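Here is how the chains run, residue by residue.
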Amino acid sequence: MKPYSKVTPEGTRDILFEECRAQRRAQERLTRVFTARGYHEVITPGLEYFDVFDLPGAAIPQQEMYKTTDNHGRLLVFRPDSTLPIARMAASRLQNQQRPLRLYYNQSVYRNSPDLSGRSDESAQMGIELLSASGLRADLEAISTAVAAVSACVSDFRLEIGHARLFGALMDRLPVTSERREAIRATIEAKNYAALSELLDPLGNSEAVEAIRNLPRLFGGEEALEAAEAYCRDEETAGVLRYLRKLYASLSRLGLGEKLMVDLGLVQRNDYYTGVVFSAYVQEHGEAVLLGGRYDSLCEKFDSPMPAVGFAADVEALAVLMSPEEREALPVTVIHGEDGYEMEAQKLLSQLTAEGKNCESSVFETREEARAYAAAIGAAALISVGKETKEVTLP
C-alpha cells in the first residue's frame, strides 16, 4: 500500500508564509467591514449531524459531503456549508435575540469535489447572514456589504445580480425530474449553449422552454432586463423583472458603473435560494470570489420561519488577488545576544516588539552566524547585544 504520510488529501493543500499573511490580512479587512456594519461573529461546529444538510428543498448532494459517525453510530458530516448551520443556530440558540439578526462567520467548509474539477475540498470562507429581514432595504444592505467586502481586498471586480425564482418559475412549468432540472441548471451556469439545447430539445417548443434556452444570453446592463420582457409575461416572472429593475436602479447609485451587471442566467447551486442572487468576479480568477442571495424558506425547515439574505466570500481567492505588496512580510530585525547577554537580548526584543517592530531572536553561537542568517532571510538589520549594543544595517 502506498504511504501517504508526506502528502495532503486530494483537494487540500498546505498554505505557507506569504499566503498565510495574505489570508490573515484579507480576514482582518473583511472583519472590519462586517463589524463596522453591526454584524456579530459566530462559529458553528466543524462536525454537524447529516440531517442538518439533508432537509427537503435545501439538501446538499450526498456525494459532496465528507461523512463519519459518532460513538453512537449517528451519521455526521464535515461542515459543507455555513448558512444551514447558522439557520439551525438561529432557530435554537438565538430565539430570544433582538431581530433582525446580523451574524458573520470566518470558517472553512468541506466539499467532496469531483476528480479533476480543480476545486478545493477545503475552502476558507467569510460571510454574513442577515436574518429576519426582508424587502428591498435588506437586499440592498446585504449587497452593499458584499461590495464593501470585495472592495476591501481588490479594486477591479464585477458584481452580477439575478433572481432565483426566474429559473424556478420557468422550470416549474416543465415535466422534468429533479436530476434533469439540475442538469439544465448546471449547463445554464456554465453558459454551455450546445448542452442546454440537447437537454431542452426533447421537451418540445413552449414559452417556458424558449425562455430557459435564452437565460444564459440575458446578460449585461439594463438592456438585459428589457430583453427578458419577451419571455416573462406571467405575473410571477414579470414581478421578478420589476423587482430587479428597482434593485438595479438603487445599486447603480453606489457608483459601480460598469462593474454592476445583470445576469438572468445566474442560477446558484444551492436549492434554498428564493429571491435575489448575486456573485462577484475578478478577471484573474475563473470562479466567483463571492456568492450570495435571499433564502426566505430555509429557516422554516428548522421550525423557525423568518426571511433571510446573506453571502460567502472565498478568502483564499481574495488573498491571492490582493496586490503583491499586501502579501509581503514586514522587515524583520535579528537580535543576537553575546555570551552572558542572552537575557538582555530577550529584553530588547520584548521592548522593540511592544513598539510594533518585527524581530527575531538569534539562536546562533556567534555574531558571524547570526549575521549570515539575517542576510539570508533578507532582514533589515542585526542588533548585537553585549557590553555594547551595536546595530548593523544590512543591504
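First, a word on what this report is: a plain description of the structure on this page. (Residues numbered from 1 in each chain as written. Predicted model: local features only at pLDDT ≥ 70, side-chain atom pairs only at ≥ 80, totals over all residues. Heavy atoms only, no water.)

1. Concerning unusual backbone geometry
What counts is decided by this rule: Each helix corresponds to a stretch of at least 4 residues labelled H or I by DSSP, and each strand to a stretch of at least 2 residues labelled E; elements are numbered beginning at the N terminus. The rule is simple: take the accessible area with a 1.4 Å probe, protein chains only, and divide by the maximum for that residue type; under 20% is buried, over 50% is exposed, in between is partly exposed.
The omega torsion across Arg-99 and Pro-100 is 0°, close enough to zero to call that bond cis. Following the sequence through the fold, Pro-100 ends up in the loop between helix H2 (83–92) and strand S5 (101–110). Of note in this structure, Phe-17 is not a glycine but carries a positive phi near 45°. Along the polypeptide, Phe-17 turns up in helix H1 (residues 17–36). Using a relative accessible area of 60% as the deciding quantity, one classes Phe-17 as exposed. Positive phi is not limited to glycine here, since Asp-303 has a value of about 65°. For Asp-303, a relative accessible area of 71% gives the class exposed.

2. What to know about the pairing of strand S9 (residues 260–263)
Applicable threshold: The rule for pairing is simple: two strands pair if DSSP sees at least two bridges between them.
Of the two faces of S9, both are covered, the one formed by Leu-260 and Val-262 as well as the one formed by Met-261 and Asp-263. Here strand S8 (residues 219–220) pairs with S9 via two bridges, running antiparallel. By the bridge assignment for S9, Gly-220 is matched with Val-262.

3. Let's talk about the pairing of strand S7 (residues 158–163)
Most of S7 sits inside the fold, with five of its six residues counted as buried. For S7 and strand S10 (residues 276–281), the ladder comprises six bridges, and the chain directions are antiparallel. Of the residues in S10, the one forming a bridge with Gly-162 is Val-277. Here three bridges tie S7 to S9, and the two strands are oriented parallel to one another.

4. Some points on the packing of aromatic side chains
Where we set the bar: Note on aromatic contacts: the rings of Phe and Tyr and the six-membered ring of Trp form a pair at centre separations within 6.5 Å, being stacked when their planes are under 30 degrees apart, edge-to-face when over 60 apart, and tilted otherwise.
The tally for this structure, following the rule as stated, stands at seven aromatic pairs. With a centroid separation of 5.8 Å and 65° between ring planes, the pair formed by Tyr-272 and Tyr-295 is classed as edge-to-face. Of this pair, Tyr-272 sits in the loop between S9 and S10 while Tyr-295 is found in the loop between strand S11 (290–294) and strand S12 (308–314), placing the two residues 23 residues apart along the sequence. Each member of the pair Tyr-272 and Tyr-295 is classed as buried.

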